[in-house]
Amino acid sequence: MPAYARGLYAFLRELDQRGCDLIIASPPAEQGLGAAITNRLRRAAGPRPSG
């Protein structure tokens, strides 16, 4: 799961840098690190400040 999290976050940062408007992700099971990953995905899915 730690390797999954590192890869996911790196991929999300890359997509953000490329200017993607939509990213679709399936959250892992909400146990242990999976709960933290799911929480982070939910926060990232929220509204973004304009600027």
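Okay, so let's go over this structure. (Residues numbered from 1 in each chain as written. Predicted model: local features only at pLDDT ≥ 70, side-chain atom pairs only at ≥ 80, totals over all residues. Heavy atoms only, no water.)

Here we come to the nonpolar core. The biggest cluster of nonpolar side chains holds 5 residues, and these are A5, L8, L12, I37 and L41. Contributing elements (two or more residues each) for this core: helix 1 (2-17) and helix 2 (33-44). For this core, the element with the highest residue contribution is helix 1, accounting for 3 residues. Aside from chain neighbours lying at most four places away, what touches L41 is L8, L12, A25 and P27. (Core = buried A, V, L, I, M, F, W, Y, C linked by side-chain atoms within 4.5 Å. Buried < 20%, exposed > 50% of the residue type's maximum accessible area, 1.4 Å probe, protein only. Helix = DSSP H or I, 4+ residues; strand = E, 2+ residues; numbered from the N terminus. Contact = heavy atoms within 4.5 Å.)

Summed over the entire model, instances satisfying the criterion amount to 2 salt bridges. We note a salt bridge from E14 to R18, for which the minimum N-O separation is 2.7 Å. Residue E14 is classed as partly exposed on the basis of its relative accessible area, which comes to 33%. Given the relative accessible area of 63%, R18 is considered exposed. For E30, the salt bridge goes to R42, with nearest N and O atoms at 3.0 Å. A residue pair is termed long-range when its members are at least 10 positions apart, and E30 in the loop between helix 1 and helix 2 and R42 in helix 2 qualify at 12 residues. Note on E30: relative accessible area 49%, which makes it partly exposed. (Salt bridge = Lys/Arg side-chain N within 4 Å of Asp/Glu carboxyl O.)

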